[in-house]
Each structure stands twice: as C-alpha cells, then as structure tokens.
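# Commentary on secondary and tertiary structure
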Amino acid sequence: MKLNRGGSGEHGHHHHHHKALKFSNLFFMPERPRDYFVLFTRVSVLTCLIFSVSLVLRITFLSSSAPDYSSSYGLRFPAVPQKALALPPKGSTGPINISHIQFSIAGAAETWLDRSRYTSLWWRNSTRGFVWLDKPVKFPKNNSDNRFSIPVRVSDSGWTRFRFSSSRAAVRIARTIWDSYKLNLPDVRWFVMGDDDTVFFTDNLVKVLSKYDHEQMWYIGGNSESVEQDVMHAYDMAFGGGGFAISRPLAARLAAAMDGCLQRYFYFYGSDQRIAACVSEIGVPFTEERGFHQLDIRGDPFGFLAAHPLAPLVSLHHLVFLDSIFPNQNPIESLQTLMTPFTLDPHRILQQINCHDRKRQWSISISWGYSIQIYSFFLTAKELEKPLQTFKTWRSSSDGPFTFNTRPLKPDPCERPVTYFMDGAEDVRGSGTKTWYSVADKNYGYCGKREHSRVTRVKRILVTSMKMDPEYWNKAPRRQCCEVMEGGGRRKEKEMLIRIRKCRSSEMI
C-alpha cells in the first residue's frame with residue numbers, strides 16, 4: 001500500500017511492506033505539522049468510541065444485576081416501574097421533637113369518618129403526616145370537628161397491580177411507606193406507621209425514639225401479646241396495629257425495594273408481614289420497645305393495663321374490640337378520660353407503683369392515671385407485677401399462652417381485689433399532680449370477711465406525686481415507691497391518701 005501525501009519529502013519512501021498491520025493506516029510517524037493534527041484527531045475519535053462502548057456495557061450490566069424472583073414464585077406480570085425517589089436530605093441535628101416524625105396512618109374511605117374519632121384524640125396542629133385512604137372520602141360540609149382537619153391523601157394507584165393471596169388492602173397499606181417517603185418532607189427523622197384506630201401517646205413516642213440514632217437504620221415496635229399470633233405471623237416483627245417506627249435511612253431503602261418485596265411476598269396475610277420481610281432483606285433486625293401495644297387480647301383489658309410494664313406507654317390498639325377500659329364509658333369516652341392525666345404527666349401514665357399498708361396488711365397496686373387495686377392480704381411485689389388475667393387470647397379466646405406471665409382471677413371473691421378507677425386529675429403548681437380514684441363494681445362477687453369489708457368501706461383515694469423527671473427514662477429503670485399517709489376525722493375510713501415518691505436507696509417494696 002501507498003500513503004500518498006503529495007509532498008517532495010515522501011518520494012524516497014513510496015514502498016511499504018504488504019504484510020503491514022491494518023493499524024498502520026491509522027498510526028504513522030508524522031513528518032510534517034499537518035500530520036500531527038491528523039494523528040491527534042484520529043486518537044481523539046478512538047478514545048471517545050472506547051468510552052461510549054464502556055458506558056453502554058456498564059449501564060447494561062448494572063441494570064440486570066438485581067435478582068429476578070418472579071419466576072421462582074410463579075409470577076408472570078412485568079416488573080413494576082419505579083418512580084424517581086428523592087435523595088434523603090442532609091440529617092438534621094439537635095434533640096428530637098414531634099415535628100421530626102412523619103406519621104403514615106392506614107385507613108379506608110368506608111370507615112374513616114368513624115375511625116377518625118380515634119386519630120383525633122392524639123393528632124395536634126404540630127403533628128405531621130397523612131392518613132392514607134383507598135379512595136377519596138366526602139366530609140360533612142360546614143363541620144368544625146377537628147377530626148376533619150386531619151390531612152388525608154389517596155394512595156398511589158400503583159399498588160393495584162400486585163398479586164395477593166388474602167388481603168388486597170394489605171398490599172396498599174404496606175406500600176404507604178413508599179407513598180410517605182416520596183413526599184420528601186424536610187427535617188423528617190422517623191416514619192411512624194399505624195392504623196386509623198391506633199392511639200399514640202406522642203410525648204412518650206418522642207422520648208422512646210430519642211434513645212436511638214436516627215442516622216442509622218432502625219426498625220422499632222412491639223409484637224403481639226398472644227403467642228398464637230406471634231407463632232402464626234412472627235415474633236421478630238413489629239405488629240402494625242400497635243404502630244412501629246422506621247428511621248429515615250431505612251425508609252429510603254424500603255421505599256426503593258418495596259415494589260420488589262410486594263411481588264415476592266404476595267402470599268403473606270398482613271402489611272406488617274410484608275414490611276418485616278423486606279426489612280429482613282435489607283439486614284436490619286427488629287428492635288422491641290414494650291410500650292407499643294397491639295392489644296391482641298379479647299374481653300376486659302383491665303388486668304393488662306393495671307400492670308403495665310416498666311416502659312413509657314407509646315400506643316394502644318384494638319380498643320374498639322375490647323371492653324371499655326373505664327366502667328360505664330364507651331371506648332372514645334374512656335380514652336378521653338385517660339388523656340386528662342396523660343396531658344398532666346405524660347411520662348407517668350399507666351406506670352405501676354406497688355406498696356403495702358403495713359398497719360392493715362393490705363397490698364396496693366397503682367396504675368397511675370387509670371386504676372388502683374387493694375388486696376386485703378399480703379402479695380409480694382413480684383405477684384403484683386403480674387397482670388391479673390381478665391382477658392383471653394385474640395384468635396381462639398383461650399386462657400393463654402401470652403408473651404408475659406399472668407396470675408389467675410381467683411373464683412373466690414375474697415381473693416379478688418377491690419378496684420378503683422381514676423375520675424379526676426389536676427396540676428399542682430406546675431411540678432406535681434393530684435389524681436382521684438373512686439371505688440367501682442367489677443362484678444367480682446360478695447365477700448363477707450371482715451378485712452375485705454374494711455377495704456370496701458374505702459370509697460375514694462387521693463394520690464399525690466411530683467411530675468416524673470424527663471430524664472427518668474434515660475436512666476436505669478426502677479419502679480417508684482408509694483406510702484399510705486395517715487388521715488383523721490370522720491372520713492378516715494372512707495378515704496385514703498397515698499403519696500408516690502422515689503424509692504430510698506435501701507428501700508424494698
């Protein structure tokens with residue numbers, strides 16, 4: 001071959017070897033300035049070509065690297081296209097408050113007008129988030145009820161394309177984490193999921209979440225109280241009705257993975273099972289907090305609520321399916337009654353304090369803001385801490401087992417407590433409280449024993465206490481103590497005064 005360059009300097013080199021490589025046409029030894037420009041142009045074109053091919057191959061292999069489980073589970077519909085999700089904003093700093101929590105409440109248009117009565121009990125102007133419905137709902141016109149001011153949105157219709165085996169609504173509810181995260185609201189550290197009949201005690205929720213680093217991936221909640229439910233679903237799962245919290249970094253991963261998880265776990269019954277399975281794929285374990293309450297029990301919740309574990313009360317669920325927690329009140333009225341002491345001393349609500357009237361040998365158990373039990377005989381602190389079994393299991397209405405120990409409600413009325421329920425609460429100079437409890441008939445039957453009759457003559461009990469230190473739950477937990485104060489006058493037998501205080505260093509209950 002020849003390279004005809006048309007210049008006198010090339011005439012002495014017009015013969016080339018016929019076996020020269022083809023690249024010789026592209027690369028040559030430049031002899032004139034113009035040859036340098038030609039060489040530079042060809043090298044630039046070749047570099048751009050190599051870069052373009054590499055980029056195409058990289059995109060192709062990365063997009064196909066995610067495993068496809070559809071054939072494994074017999075799914076034949078195409079993959080659901082993911083909508084663009086905003087990148088998480090830079091983490092906020094400083095102590096957590098309610099504005100850092102975005103609630104995602106699962107509801108349905110058919111039941112929202114009724115269930116909104118539960119949400120309105122705890123939703124305030126400072127609360128952020130939405131109730132997610134399956135379709136729009138019409139609100140009464142010119143109605144000033146605050147429950148109609150709770151923000152409501154309709155779930156993205158993408159959930160309708162997913163397969164399910166039992167509950168179609170569970171697919172939509174599981175996907176509300178995607179609905180919530182894609183809104184990309186500023187300064188959100190935690191996403192808290194719950195049902196429209198879940199009642200949150202938000203001050204305590206904030207206190208619980210303050211223990212955890214929101215920049216890490218956390219999955220926090222509670223499981224079922226009935227063993228049969230935990231066996232059927234999972235022990236290491238946050239039950240959705242009791243509510244659970246997901247930190248923003250985990251929410252980002254969940255939102256991106258959720259559609260794939262919905263495809264793979266179509267055979268699960270509940271939305272919480274699907275979310276738990278997806279969290280498991282990410283590699284994050286379940287962290288249990290004992291103040292989240294699914295309340296998977298039937299009947300009278302008195303025994304459970306009167307012996308609350310030593311933990312802040314975060315949530316209550318299923319109250320519509322249980323006996324009212326206060327006598328002669330419906331579920332909404334009962335919760336309104338409970339909210340009164342809660343607003344005065346939120347960290348103390350339902351906290352159990354046990355003590356003994358040494359003079360009369362009575363055993364006393366206080367569930368602050370709720371109830372008092374008095375036994376006409378001595379019971380150890382360990383026995384008083386066990387919930388009195390006034391309830392059954394959720395699914396089979398059996399006497400157990402539960403995920404905690406219980407003590408039986410004895411058939412002998414003389415071995416049952418005399419019960420009192422809170423019917424008044426007030427603030428004392430901003431640093432203390434007074435709560436009143438009146439005797440109530442729990443239909444425990446008549447006992448003719450003298451000592452039991454002495455207890456029943458006490459009709460009203462006044463409990464005084466200092467408000468709980470905000471740092472109480474940041475320290476090693478220890479129950480507080482109580483003591484019966486001596487009264488006088490004609491009302492001595494009908495009234496009792498009890499003071500709650502910190503236990504002394506060497507004091508035993």
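Look above for the structure.
A few points on the structure.

Calculation rules
- Residues numbered from 1 in each chain as written.
- Predicted model: local features only at pLDDT ≥ 70, side-chain atom pairs only at ≥ 80, totals over all residues.
- Heavy atoms only, no water.
- Helix = DSSP H or I, 4+ residues; strand = E, 2+ residues; numbered from the N terminus.
- Buried < 20%, exposed > 50% of the residue type's maximum accessible area, 1.4 Å probe, protein only.
- Contact = heavy atoms within 4.5 Å.
- Areas by Shrake-Rupley, 256 points an atom, 1.4 Å probe, with all protein chains shown as cover.
- Core = buried A, V, L, I, M, F, W, Y, C linked by side-chain atoms within 4.5 Å.
- Expected span 1.5 Å × (residues − 1).
- Bend = angle between axes of the 7 residues up to and from the residue.
- Pairing = 2+ DSSP bridges.
- Axes fitted to C-alpha atoms, helices over the stretch in contact; angles between N-to-C directions.
- Phe/Tyr/Trp six-rings, centres within 6.5 Å; stacked < 30°, edge-to-face > 60°.
- Lys NZ or Arg CZ within 6 Å of the ring centre and 35° of its normal.

## Description of the overall build of the protein chain
Helix and strand content of the protein chain: 12 helices and 21 strands. Going through the 509 residues of the protein chain one by one, you find that 49% of them count as buried. For the protein chain, long-range pairs separated by at least 24 residues make up 69% of all intrachain contacts whose partners lie at least 6 apart in sequence. Looking at the protein chain as shown, the accessible area adds up to about 26,200 Å², and 55% of this sits on carbon and sulfur atoms.

## Considerations on the nonpolar core
Ranked by internal contacts, the top residues of the largest apolar core, which has 79 residues, are Phe103 and Ile461. With five residues, the top contributor of residues to this core is helix α10 (residues 331-344). In contact with phenylalanine 103, other than residues within four places in its own chain, are Ile98, Trp122, Trp123, Thr127, Arg128, Gly129, Phe130, Val192, Phe200, Thr202 and Leu205. Grouped together as the second largest cluster of nonpolar side chains are 34 residues, Tyr219, Met237, Ala238 and Phe244 included.

## Notes on unusual backbone geometry
The omega angle of the peptide bond from glycine 400 to proline 401 is 5°, so this bond is cis rather than trans. Residues other than glycine seldom take positive phi values, yet asparagine 328 does so here, at roughly 65°. For asparagine 328, the position within the fold is in the loop between β10 (315-316) and α10. Phi is positive for arginine 429, which is not a glycine, with a value near 50°. Relative to the elements of secondary structure, arginine 429 occurs in the loop between β17 (418-428) and β18 (432-440). Judged by its relative accessible area of 79%, arginine 429 falls in the exposed class.

## Re helix α7 (residues 248-264)
Helix length check: α7 (17 residues) gives 23 Å between terminal C-alpha atoms against 24 Å at 1.5 Å per residue, within 8%. Taken as a whole, α7 carries its principal kink of about 55° at methionine 258. Of all 17 residues in α7, 12 are buried; the element is thus mostly enclosed. Contact partners of the buried residues in α7: α3 (168-174), α4 (176-181), β4 (190-195), β6 (219-221), β7 (244-247) and α8 (271-282).

## Here's the deal with the environment of isoleucine 275
Tracing the backbone through its elements, the reader meets isoleucine 275 in helix α8. With 14 residues separating them in the primary sequence, isoleucine 275 and cysteine 261 have C-alpha atoms 8.1 Å apart. Here isoleucine 275 is in contact with Ala174, Phe244, Ile246, Leu254 and Met258, once residues within four sequence places are set aside.

## Here's the deal with the sheet that holds β18
Judged by pairing direction, the sheet is mixed, and its eight strands sit side by side in the order β11-β12-β13-β17-β18-β19-β21-β20 without closing on themselves. One side of each edge strand has no neighbouring strand; the edge strands of this open sheet are β11 (352-357) and β20 (481-485). Across the sheet, the axes of successive neighbouring strands diverge by a mean angle of 25°, strand direction being ignored. As judged from the five bridges shared by β20 and strand β21 (residues 495-501), these two strands associate in the antiparallel manner. Looking at the pairing, cysteine 482 lines up with isoleucine 500 of β21. Each of β17 and β18 touches α10; the most contacted strand, β17, lies at about 45° to it.

## What to know about the packing of aromatic side chains
Aromatic rings in a pair are described by how distant their centres are and how their planes are angled relative to each other. Per the counting criterion, the structure on display carries 28 aromatic pairs. Ring centres of tyrosine 265 and tyrosine 267 lie 6.2 Å apart, and the angle between their planes is 65°; this geometry places the pair in the edge-to-face category. A residue is classified by how much of its surface remains accessible, and tyrosine 265, at 14% relative accessible area, is buried. Its relative accessible area of 35% is what places tyrosine 267 among the partly exposed residues. The structure contains a cluster of three or more aromatic residues connected by ring pairs, namely Phe103, Trp122, Trp123 and Phe200. Lying across the ring of phenylalanine 266, arginine 163 places its NZ or CZ 4.2 Å from the centre. The side chain of arginine 175 reaches across the aromatic face of tryptophan 178, ending 4.2 Å from its centre.

## Thoughts on the pairing of strand β1 (residues 101-106)
In terms of burial, β1 is a largely internal element, six of the six residues being buried. In terms of strand pairing, β1 meets β4 through six bridges, oriented parallel. The partner of isoleucine 105 across the bridge, within β4, is glycine 194. Pairing between β1 and strand β2 (residues 128-133): five bridges, direction parallel.

## Quick look at the sheet that holds β1
Strand order in the open sheet formed by seven strands is β3-β2-β1-β4-β7-β6-β8, with mixed pairing between adjacent strands. Both outer strands of the open sheet, β3 (152-154) and β8 (287-288), are each paired with one neighbouring strand and no more. Bridge count for β6 against β7 is three bridges, and the pairing is antiparallel. Paired with isoleucine 220 across the two strands is alanine 245, which belongs to β7.

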